[in-house]
Amino acid sequence: MRRRTEVKMLGVPRLLSGPPVAEGPERHAAHEARLGRLRPEQAAREIVPALEASGLLGRGGAAFPVGRKWRALAERSSGPAVVVANGAEGEPASHKDRTLMAARPHLVIDGAALAAAAVGAEEIVFYVGREHAAAVGSMRAALAERRAGLSPAVRLVLAPISYVAGEATAAVHYINSGDARPTTTPPRMSERGVGGRPTLVQNVESLAHAALIGRYGADSYRSAGRNGAAGTALVTLSGAVARPGVREIELGTTLGDVVTGAGGPTRPLAGVILGGYFGAWARSADIWDVPMEAHALKGRGHSLGCGMIGLLPDDACGVEATAGIMGFMARESAGQCGPCVHGLRAIGETTARVAADEAGRGDLDDLRRWTSLVAGRGACRHPDGAAQLMASALDVFAADFASHAATGRCLRTGLREAVA
Amino acid sequence: MGHRLRVDWIRCDGYGLCGDVAPGLIDLDEWRYPVIVPGAVEPSRLHDAQRAVDCCPMRALALERTEGGARGVRR
């Protein structure tokens, strides 16, 4: 075997290595002392093939290959581009982006600067959810530290508090005009985005990974990973787990090992929600031994999405939990597209009625029908995400739905009383 | 080469005239928003499809040419 130049073995955690996350933002000097300086112009020459070789997938939820996205922008024929570092993180149960920005702002900035150099951008917009106070403060201070040393113009834009504000077209729309509602595609953002310029919208975690790949190469990224997968990912564990919160995992780690690593479940589980409110419910027995990585999950109709992993304890009702989520998704519709406005409202209200044991005749049939009807009928994929979650709930909690609807009885009540 | 109906969901206000004009190509949900029947528009129905496009008060419906027949058929 040919001897290769030495591959830096990046451990786990890597995005969150260094001082404890709870200490807040790592300053620029400490960041560079720890990781070395990234020279965007220099690193930009190699970064697109390196990203492609790394296999890095976008971490905003859609899991689009990052290298392919950057290449498409870099090879365009039109003028200067814009990079949007997307840290809106409107997903309520996800905390990984805000945590990353609050603790390692310079890794995000490095990645954005590298992206800007690679795609020929004249501006970087850091788009950070305004309710994430620690992340906003951290990014603002870090940008002030860096301003002199960054070549493209940079802007910090605070995203409004809204689930859809982080959707790529909504982000660009807000940056352009203060309206965080998605727009109809085409035009694609990569052709006409911020200020009409070709725009790369990339999640902040993806950018942070790119910053490490730009320093150490694709093989370093791939030096972690289990069960055939490569790399690491930030996930947010919530619900019935001993130590909830944000963790960096090796991709391909089984769900069981991820949860065990966080102290294990606090109760037997009624279900697991993977990928946030755009994701899907699973029976814990079906998903426990599945590697947390795109390919294996896709084979089972799941995705890591934004990395949110929610554990529902067996004394909680999946119908109630789903009613809460669907009510939220209905309220968070941007209100532009009829099928999303009416369909999600109907689904949310009807699920709440079933959960409250006030189901009418035919409610479950209506739920199934609306769920199959809303997907694909909107400017953005908000209805599709909500419908996928609802469809999984009707499957995973079929017995709970049936019991609520038919007899007005929650299957979980007995368990709850046993605990109390 | 085939044809496919496409809705601009932001423009569509649920008048539902398209579904009245072109049943079988366009169903309506209970709020009178269109549900496009999957598949390419049969050549014999192109006239109906175009009428549905023309009657939309919001100009939210378009009849598009698809690259090859197959893509349109699969939706």
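Our structure's up above, just so we're on the same page.
Treat the numbers as computed from the prediction; the structure is a model and nothing was measured.

### Remarks on the overall build of chain B
Then step 1. Of regular secondary structure, chain B possesses 3 helices and 4 strands.
Then step 2. If you list the helices and strands of chain B from N to C, you get β-α-β-β-α-β-α.
Then step 3. Residues counted as buried form 39% of the 75 residues belonging to chain B.
Then step 4. Restricting to contacts in chain B with at least 6 residues of sequence separation, those with at least 24 account for 57%.
Then step 5. Counting every atom, chain B has about 4,400 Å² of accessible surface; 49% of that belongs to carbon and sulfur.

### With respect to the packing of aromatic side chains
Then step 1. Counted under the stated rule, the structure contains 7 aromatic pairs over all chains.
Then step 2. By way of ring pairs, the aromatic residues Tyr163, Tyr277, Phe278 and Phe328 of chain A are connected into one cluster.

### Topic: the pairing of strand 2 (residues 121–129) of chain A
Residues and elements named next belong to chain A.
Then step 1. The element strand 2 is largely enclosed, with a buried count of 8 among its 9 residues.
Then step 2. As defined by bridge partners, strand 1 (residues 81–87) adjoins strand 2 across 7 bridges and the pair is classed as parallel. Along strand 2, the bridge assignment pairs Val82 with Glu123.

### Focus on unusual backbone geometry
Keep in mind that most residues, glycine aside, have a negative phi and that most peptide bonds are trans.
Then step 1. The linkage connecting Thr185 of chain A with the following residue, Pro186 of chain A, adopts the cis geometry, with an omega of -5 degrees.
Then step 2. Of the consecutive residues Pro186 of chain A and Pro187 of chain A, the connecting peptide bond is found in the cis state with omega at 5 degrees.
Then step 3. Along the chain, the position of Pro187 of chain A falls in the loop between helix 7 (168–177) and strand 4 (199–203).
Then step 4. Unlike most non-glycine residues, Asp357 of chain A shows phi in positive territory, near 60 degrees.
Then step 5. By the element assignment, Asp357 of chain A lies in the loop between helix 14 (338–355) and helix 15 (363–374).
Then step 6. Phi at Arg59 of chain B takes a positive value of approximately 55 degrees, unusual for a residue other than glycine.
Then step 7. Relative to the elements of secondary structure, Arg59 of chain B occurs in the loop between helix 2 (46–55) and strand 4 (61–66).

### Concerning the interface of chain B and chain A
Then step 1. Across the boundary between the two partners, chain B contributes 10 residues, which contact 19 residues of chain A.
Then step 2. Summing both partners gives a buried area of about 1,200 Å² for chain B against chain A, and 58% of it is carried by carbon and sulfur.
Then step 3. For chain B, the biggest contributors to the area lost against chain A are Trp9, Ile10 and Trp31 of chain B; these three give 53% of the whole.
Then step 4. Viewed at the interface, chain A and chain B are joined by 2 salt bridges.
Then step 5. The partner of Arg369 of chain A in a salt bridge is Glu30 of chain B, and the shortest N-O contact between them spans 2.8 Å.
Then step 6. Our enumeration of links across chain B and chain A arrives at 7 residue pairs in polar contact (both at pLDDT 80 or more).

Reading the values: rules and limits
Residues numbered from 1 in each chain as written. Chains lettered and ligands numbered in written order. Predicted model: local features only at pLDDT ≥ 70, side-chain atom pairs only at ≥ 80, totals over all residues. Heavy atoms only, no water. Helix = DSSP H or I, 4+ residues; strand = E, 2+ residues; numbered from the N terminus. Buried < 20%, exposed > 50% of the residue type's maximum accessible area, 1.4 Å probe, protein only. Contact = heavy atoms within 4.5 Å. Areas by Shrake-Rupley, 256 points an atom, 1.4 Å probe, with all protein chains shown as cover. Phe/Tyr/Trp six-rings, centres within 6.5 Å; stacked < 30°, edge-to-face > 60°. Pairing = 2+ DSSP bridges. Buried area = accessible area lost by both parts, 1.4 Å probe. Salt bridge = Lys/Arg side-chain N within 4 Å of Asp/Glu carboxyl O. Polar contact = N/O pair within 3.5 Å; in protein donor to acceptor, adjacent residues only side chain to side chain.

None of the figures reported here should be taken as evidence of function without further support.
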